[in-house]
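Residues per chain, in single letters:
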Amino acid sequence: MDGNIFTLQDFMFFTKAITYLVIVAALIAFPAFWLFLTDRDE
Amino acid sequence: MAISRRKFLGWMGAAGLGATVGKSAHAASNKHFEGYPDSPGVLHDIVRCVGCRSCEAACNSVNQLPPPEQSFKDLTVLDRKRRTDAKTYTVVNRFETESGGNAPIFVKNQCNHCLEPACASACFVHAFTKTKEGAVIYDESVCVGCRYCMIACPFEIPTYEYDKALTPRVMKCTLCHPRLLEGKLPGCVEVCPTEALTFGRREDLLNIARERIRRQPDRYIDQIYGENEMGGTSWLYIAGTPFRELGKREDLGLTPAPALTAGALGAVPIVVGLWPVLLTGIYAVSQRKDKIAREEQSEAIADAVAASKEDAAAELKKVLAMKEKEKETAINMAVKKALEEAAKAQEEEAAKAQEEEAAEPPQDDPESKPTEEDS
Amino acid sequence: MSDTKATTGGSLFTPFNMVAGLILLVGGAITVLRFTGGLGAVTNLSDYNPWGLWIGFDLLVGVALAAGGYVTSAACYIFGLKRFHSAVRPAILTGFLGYALVVFALHYDVGRPWRLPYPFIVQPGTTSVLFEVGACVALYLTVLFVEYSTAPLEWLGFKRARNLVVKLTLVLTIFGVVLSTLHQSSLGALYLIAPSKLHPLWYSSYLPVYFFISSIIAGMSMVIFEGTMSHKYFHDKMDEAHLKEADGVVLGFGKAAAFLLFGYFVIKLVGLAVDNNWHHLATGWGLWFLVEMLGFVLLPCYLYAVGTRDKNIKMIRRTSLIAVLGIVLNRLNISLVAFNYHLPSSERYFPHWMEIAISLFIVTIGVLVFRFVVTRMPILYEHPDYKDAH
């Protein structure tokens, strides 16, 4: 039973937690990738 | 289970992603959840309730709530409509309706323990949990006191200790969760003298309710309140008069609370994913436009300079040819004059170009902005 | 408060200072009462009405009116409208103060303010819209602080730190717009969970979009309005560039706000259409809704447009006040007036005078800090050591 999710509330709780972690990683990755993309310009 | 999940809750736990990703939805798809199997609930048969307030008294004592201002034996309390408050988890109200022949109808009210609780969905510290025992329980040790749960609850159940300065809590019925874990009945159910309250598996309760409605169609209306309201509740009600006349709202809809905010919450990561791309793109385009403008400007200047230099040279030749024999100082003066004129022309040209630059494109830009940020 | 003189220098006992001092004294006394007697001692909040003026005004209105920071810096640094440059610093300062005061005000409203970081360090309630609002407001307050920090750093002469912050401008601006988009819209999304409590004319699944778009309008109108006030009281602090660009800022934002208001009106109509709420317009609630829509959306939209066409700076400046009041009205309608519309009047909420006093107290602190900063730091003018550094 521990491995299962029975309510939408719990499902959203777990999926949103992961989403938030993805968001934080993305916000750090964006500027880094932009620098990688443009550091040979000019 | 409630405990193990609780431990997950901190970001520390969230960092152990493996465990989370490993969790699978019980239902076949991720879109549909049926709630905990065999989870219990309570059926309130409003037709059977006699308004004795025994449930209120029992609730008060098992939950060690402060003593009431008026005794629980005093039925004049029923003369006015009451709601749950920080010292009362449950109240019985009396209704007299025309469709019920103006006979008194008693309705108990308390937390309905939603299958998909709005309070839990709204709480930003995850203080509310729907347990597999059916109860929606509250953890005061993390509560910040924002009272968003009270905004969210469609049944207007959670209450707040407004008079406490330092340790105010949200107060609401717990379905006697501690007693359920000990294998006991909720206080109100245990004490009810007329079996107006029945505790059992929610599935069984639904069947019992349907059976009563089927057997006595003249005493009951054909509706089980709580079966579907906002995704369904663990408390179920059957009555002989329409529920809207008994203080129960029938316009709540069937959408479970978490689904109401799912769309807005779902937009959050998309904005985070796309806004930086879009905004950096706009930035890069405007930078490029500036760069091209600058290049065009310097080209124009170079042209102007070249042109004026040619002019100056031609003029110089002319002057030289015409006034060959004049003094060198005079030639020098003419050259100086010509060069000065050239510089002036150049400056004017540049200023003109700049002005045009500054005046032209930005006029339209504020307009295009909203359309780009919209969506 | 705006009618009193805010000029500095001279006697400390100017009429403005006396009134402000009185408000601070009363606010201080109520603060003691709030944290000794609980919310019940100073508010009219109840179990039916858990959110009152401190959420409706201090949080919702406060955040909306502080939107000038992200709007102006986005216009200047992302959209490349360099002529808004002199407006960026005052807007960032207003934004920073606005958000700081919103967070300050929340300490009065929540039951246990010392637990405000709990959602982020103890137990995140990831399904909550409020969690998202809290996270974004906390992060954005930090972003605004860093963006604003160039002014005090120049004032104090910390060149290297200041130059480092300037290098981060673009990243900070984009970050600011992302966070603002999220929490401005999420403030509207807070009410999505209560369709049965908010009147259908104001409830819509588009609430987050409405809040976001109206926050841009609020931000632009606030920049114009705040500029008007600054011109009146801090004219001597403004440098040539600021004075030269000021009219352009008013015209540019006036024009943009007019078009935005038009779009906002259209999407509000769309909201009525998709939920088939037309019939509510014929009720008392509908009349009030029309007052908001016609008097505080279409009217400022039209006046902004006329002002833009005629290049009438004065008219645009005056219209900005109507637009700002429109935002205030909209937020209060959603949080207080149309919320709990189904309850009998005896159960409805009206703020206690002490709630109003605390809100005034907080606005006063904002005005005083703003005055302190602009009279000392390079906000309305460029620091002579850093000219042409942009």
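Since the structure is predicted, the reported quantities are computational estimates derived from the model, not experimental observations. (Residues numbered from 1 in each chain as written. Chains lettered and ligands numbered in written order. Predicted model: local features only at pLDDT ≥ 70, side-chain atom pairs only at ≥ 80, totals over all residues. Heavy atoms only, no water.)

The next thing to look at is the overall build of chain A. Helix and strand counts for chain A stand at one helix and one strand. Buried residues in chain A amount to 38% of all 42 residues. Carbon and sulfur atoms make up 70% of the accessible area of chain A, which totals about 2500 Å². (Helix = DSSP H or I, 4+ residues; strand = E, 2+ residues; numbered from the N terminus. Buried < 20%, exposed > 50% of the residue type's maximum accessible area, 1.4 Å probe, protein only. Areas by Shrake-Rupley, 256 points an atom, 1.4 Å probe, with all protein chains shown as cover.)

All names here are of chain B. An order of E9-E2-E10 is seen for the three strands of this open sheet, with the pairing classed as mixed. Across the chains shown, the open sheet's two edge strands, defined by having one partner strand only, are strand E9 (197-201) and strand E10 (235-238). Here the strands of the sheet are splayed against their neighbours by 25° on average, with no regard to which way each runs. Pairing analysis gives four bridges linking strand E2 (residues 40-45) to E10, with the strands arranged parallel. When the bridges of E10 are listed, Leu 43 appears paired with Leu 236. (Pairing = 2+ DSSP bridges. Axes fitted to C-alpha atoms, helices over the stretch in contact; angles between N-to-C directions.)

Turning our attention to the interface of chain A and chain C. Listed as interface residues are seven residues of chain A and, on the opposing side, seven residues of chain C. Contact with chain C buries area across many residues of chain A, yet A:Phe13, A:Tyr20 and A:Leu27 alone supply 66% of it, more than any other trio. Taken together, the links from chain A to chain C amount to zero salt bridges. Linking chain A with chain C are two residue pairs in polar contact (both at pLDDT 80 or more), by the criterion used here. Along the lines of polarity and charge, the residues of the side of chain A that touches chain C split into five nonpolar, one polar and one charged. (Contact = heavy atoms within 4.5 Å. Buried area = accessible area lost by both parts, 1.4 Å probe. Salt bridge = Lys/Arg side-chain N within 4 Å of Asp/Glu carboxyl O. Polar contact = N/O pair within 3.5 Å; in protein donor to acceptor, adjacent residues only side chain to side chain. Nonpolar A, V, L, I, M, F, W, Y, C, P; charged D, E, K, R; others polar.)

Another aspect to go through is helix H1 (residues 8-38) of chain A. For H1(A), built from 31 residues, the straight-helix expectation of 45 Å at 1.5 Å per residue is met to within 8% by its first-to-last C-alpha distance of 43 Å. At A:Ala29, H1(A) shows its maximal bend, which comes to roughly 30°, and the proline A:Pro31 appears one to four places after that position. (Expected span 1.5 Å × (residues − 1). Bend = angle between axes of the 7 residues up to and from the residue.)

Because an α-helix packs 3.6 residues into every turn, residues spaced three or four apart end up facing the same way. Residues and elements named next belong to chain C. In a regular helix each residue adds 1.5 Å, so 13 residues correspond to 18 Å; helix H3 (residues 53-65) covers only 16 Å between its end C-alpha atoms and thus falls short of that length. Within H3, 11 of the 13 residues are buried, which leaves it mostly tucked inside the rest of the structure. All buried positions along H3 are accounted for by Leu 53, Trp 54, Ile 55, Gly 56, Asp 58, Leu 59, Leu 60, Val 61, Val 63, Ala 64 and Leu 65.

A few words on the packing of aromatic side chains. All names here are of chain C. By the definition in use, this model includes 27 aromatic pairs over all chains. On the numbers, 4.9 Å between centres and 85° between planes, the contact of Tyr 99 with Tyr 140 is edge-to-face. With Tyr 99 in helix H5 (residues 85-109) and Tyr 140 in helix H7 (residues 129-148), the pair connects residues that are 41 residues apart, well separated along the chain. You'll find Tyr 99 and Tyr 140 in the same group, each marked buried. Arranged with centres 5.7 Å apart and planes meeting at 70°, the rings of Tyr 191 and Phe 339 form a pair that is edge-to-face. (Phe/Tyr/Trp six-rings, centres within 6.5 Å; stacked < 30°, edge-to-face > 60°.)

All names here are of chain B. Despite not being glycine, Asp 38 shows a phi value in the positive range, around 60°. Within the secondary structure, Asp 38 is located in the loop between strand E1 (24-25) and E2. Since its relative accessible area comes to 52%, Asp 38 is described here as exposed. Not every positive phi belongs to a glycine, and Met 230 is a case in point at roughly 45°. Tracing the sequence through the fold places Met 230 in the loop between helix H9 (202-215) and E10.

Moving on, we get to the side chain of C:Arg115. In this structure, C:Arg115 sits in the loop between H5 and helix H6 (118-121). Within the local environment of C:Arg115, its side chain forms a polar contact with the backbone oxygen of B:Glu140, the two atoms lying 2.9 Å apart. There is a polar contact of 2.7 Å between the side chain of C:Arg115 and the backbone oxygen of B:Cys143.

All right, on to the confidence of the model for chain C then. Keep in mind that low pLDDT regions are not for reading the predicted coordinates in detail. Residues and elements named next belong to chain C. Predicted confidence across chain C gives a mean pLDDT of 92, with 96% of residues reaching 70 or more. Low pLDDT (under 50) marks residues 1-9, which in the prediction has 19 contacts with non-local residues, meaning those over four places away or in another chain. Model confidence for the complex: the whole-complex pTM is 0.86, and ipTM, which rates the interface, is 0.91. (pLDDT = per-residue confidence, 0-100.)

The next thing to look at is the interface of chain B and chain C. Listed as interface residues are 71 residues of chain B and, on the opposing side, 77 residues of chain C. Carbon and sulfur atoms make up 62% of the surface buried where chain B meets chain C, a total of about 6500 Å² over both sides. Summed over the three residues of chain B that lose the most area to chain C, namely B:Phe124, B:Ile151 and B:Tyr162, the buried surface amounts to 12% of that side. Here chain B is connected to chain C by three salt bridges. The interface formed by chain B and chain C contains 30 residue pairs in polar contact (both at pLDDT 80 or more). The set of elements that each furnish at least two residues to the side of chain B that touches chain C consists of helix H5 (118-122), helix H6 (148-152), strand E7 (159-160), helix H10 (257-322) and helix H12 (365-373) of chain B. The residue makeup of the side of chain B that touches chain C, split by class, is 42 nonpolar, 12 polar and 17 charged.

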